[in-house]
Amino acid sequence: MPDTIQIVEVGPRDGLQNEDVILSTDAKLSMITHLIDAGLTRIETVSFAHPDRVPQMADAEAVMAGLPDRGDIDYIGLVMNERGWHRATATRVNEVNMPIGASDTFNRKNQGVGSDESLSVLADIATEGAARGLPVSATISTAWGCPFEGEVPVARVVEIAERAASLGVTEIALADTIGVADPWATVERIQAVRSVSGHIPLRVHFHDTRSTGIANAYAAIQNGVTVIDASVGGVGGCPFAPAATGNIATDDLVYMLDRAGFTHGVDLARLMKVSAELEGELGKTVPAMLPKAGAFPPNGSDGA
Ligand code: MG
């Protein structure tokens, strides 16, 4: 089993995109800067979605322009189509991620076209990304279930993964967009995808909609996955998936990994300050458990 886990912080994008309160550009920059201070080094900062469709992300260019110029931090931009790709490459994103729906219906709701059409866009941008030295990763959304089609066959997820792998993406993420996975289905789909993904690293993205998110993260780690998405405070959801709730909380994931002795580079006390700030900005309690219960041991050090 690996002893180092990389946490990809998706709060500034997946977290904020479904909130009623739209944070100012300055508030987003402060949030991201504090996430970096807490030790996060790979952060999904923006989405280049159409501003009419996702107004929370309308200032993507301004956010990217205002971020600290740090060679040691990867800023990930989400793109949905060619237009998003062109916007992204005009900024200083270090990595581009493109979602592909395992469910064709979800892909149409989320991206306005079928999954096949998104795959052909992915083919173009993966090629351009390779030429530019800009990593392009793919996220297979609705990989454990779709809010419109219901169950998504494993074979469909494997098919999308195989096609994405053949396009030369730098990483494949499996996303439980609506929080319906369980730990056993997590293992099943990771193993199935691994049979076609070759040397390409896998990442997982869980939503804690039905309280299985952190258990799914455990199952993924036990099966050798070392890269996990999480959002600070557990905020978020998908505007195009009814009843979607937040990602697994970075706070809760860090706590679990700390207790188990994994290395991940994130300071829980500093991270929880970002959660507290976010509660103030959003004017509500965040879903994460750690801000409610507090860390353990209480003074943050063994035997204190
Ligand atoms: Mg998500």
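Let us look at the structure shown here. (Residues numbered from 1 in each chain as written. Predicted model: local features only at pLDDT ≥ 70, side-chain atom pairs only at ≥ 80, totals over all residues. Heavy atoms only, no water.)

## Things to note about the overall build of the protein
Counting its secondary structure elements, the protein contains twelve helices and eight strands. By the compact-globule yardstick of 19 Å for 304 residues, the protein fits well, its C-alpha radius of gyration being 18 Å. If you line up the protein on its principal axes, its C-alpha atoms span 55 × 40 × 35 Å. The 304 residues of the protein split such that 56% are buried. (Helix = DSSP H or I, 4+ residues; strand = E, 2+ residues; numbered from the N terminus. Rg over C-alpha atoms; globule rule 2.2 N^0.38 Å. Buried < 20%, exposed > 50% of the residue type's maximum accessible area, 1.4 Å probe, protein only.)

## Observations regarding empty space enclosed by the protein
For the structure shown, the criterion picks out one cavity of 30 Å³ or more. Of the voids in this model, the largest cavity is the one considered here, and its volume is about 250 Å³. For the largest cavity, the lining is made up of 25 residues, of which Arg13, Asp14, Gln17, Leu78 and Pro99 are closest to its centre. Among the secondary structure elements, those contributing two or more residues to the lining of the largest cavity are α1 (11–15), β2 (42–47), β4 (95–101), α5 (104–111), β5 (136–141) and β7 (202–206). (1 Å grid on protein atoms, 1.4 Å probe; cavity = no way out; pocket = protein on both sides within 12 Å on 5 of 7 lines; lining within 4 Å. Points joined across faces, edges and corners; volume = space filled by probe spheres on them.)

## Quick word on the pattern of salt bridges
For the structure shown, the criterion picks out 14 salt bridges. Across the pair aspartate 59 and lysine 28 runs a salt bridge, and its minimum N-O distance is 2.6 Å. Of this pair, aspartate 59 sits in the loop between β2 and α3 (60–66) while lysine 28 sits in helix α2 (residues 25–37), placing them 31 residues apart in sequence. Each member of the salt-bridge network shares a partner with another, and the members are Arg42, Glu95, Glu171, Arg203 and Asp229. (Salt bridge = Lys/Arg side-chain N within 4 Å of Asp/Glu carboxyl O.)

## As for the environment of serine 24
Within the secondary structure, serine 24 sits in the loop between α1 and α2. Put simply, serine 24 and glutamate 281 are 257 residues apart on the chain and 9.6 Å apart in space, counted from C-alpha to C-alpha. A polar contact of 3.0 Å, which involves the side chain of serine 24, links it to the backbone nitrogen of alanine 27. (Polar contact = N/O pair within 3.5 Å; in protein donor to acceptor, adjacent residues only side chain to side chain.)

## Digging into the coordination of the magnesium ion
When a metal holds four donors in a tetrahedron, each ideal angle between them is 109.5 degrees; when it holds six in an octahedron, the ideal angles are 90 or 180 degrees. Protein coordination at the magnesium ion: the donors are Asp14 (OD), His205 (NE2) and His207 (NE2), at 2.0 to 2.3 Å from the metal. Here the donor residues for the magnesium ion map to a single chain with the spacing D-x190-H-x1-H. We note that histidine 205, like histidine 207, is buried. (Donors = N, O, S within 2.8 Å, 3.2 Å for Na, K, Ca; no water.)

## Considering helix α6 (residues 115–132)
Spanning 18 residues, α6 covers 25 Å between terminal C-alpha atoms, matching the ideal 26 Å at 1.5 Å per step. Residues Ser115, Ser118, Leu119, Val121, Leu122, Ile125, Ala126 and Gly129 constitute the buried set of α6. Projected onto a plane normal to the axis of α6, the buried residues spread over an arc of 160° and lie on a single side. Away from its buried face, by an angle of more than 90 degrees, α6 presents the exposed residues Thr127 and Ala131. Those residues of α6 hidden inside the fold are in contact with α4 (82–89), β4, α5, β5 and α7 (154–166). (Expected span 1.5 Å × (residues − 1). Arc of directions from axis to C-beta. Contact = heavy atoms within 4.5 Å.)

## Describing the packing of aromatic side chains
Applying the stated criterion across every chain yields a total of one aromatic pair. Between tryptophan 144 and phenylalanine 206, the ring centres sit 5.5 Å apart and the planes meet at 50°, which makes this aromatic pair tilted. Pair noted here: tryptophan 144 is in the loop between β5 and α7 and phenylalanine 206 is in strand β7, with a separation of 62 residues, a long-range link. The buried category is assigned to tryptophan 144, whose relative accessible area is 5%. (Phe/Tyr/Trp six-rings, centres within 6.5 Å; stacked < 30°, edge-to-face > 60°.)

## Some points on the pairing of strand β8 (residues 227–230)
With burial as the criterion, each face of β8 is covered, one bearing Val227 and Asp229 and the other bearing Ile228 and Ala230. The sheet contact formed by strand β1 (residues 6–9) and β8 spans four bridges and is parallel. When the bridges of β8 are listed, glutamine 6 appears paired with valine 227. The pairing of β7 with β8 spans two bridges and is classified as parallel. (Pairing = 2+ DSSP bridges.)

## Overview of the packing of α6 against α7
When two helices pack together, their arrangement is given by the angle between the helix axes and by the axis-to-axis distance. Their axes nearest at 10 Å, the elements α6 and α7 cross at an angle of 20°. When the interaxial angle is binned, α6 and α7 end up roughly parallel. With respect to the hand of their crossing, α6 and α7 are arranged in right-handed fashion. Packed against α6, whose contacting residues are Ser115, Asp116, Leu119 and Leu122, the element α7 presents Arg156, Ile160, Arg163 and Ala164 at the interface. (Axes fitted to C-alpha atoms, helices over the stretch in contact; angles between N-to-C directions. Parallel < 35°, antiparallel > 145°, perpendicular 65-115°, else oblique. Left-handed = near helix turned anticlockwise from the far one by under 90°.)

## What about α5?
All of the buried residues along α5 are Phe106, Asn107, Asn110 and Gln111. Angularly, the buried residues of α5 cover 100° about the axis, an arc narrow enough to put them on a single face. Where α5 is buried, its residues contact β4, α6 and β5. N-cap assignment for α5: the residue whose side-chain oxygen lies 3.4 Å from the backbone N of threonine 105 is serine 103.

Shape is all these values report; function is a separate question.
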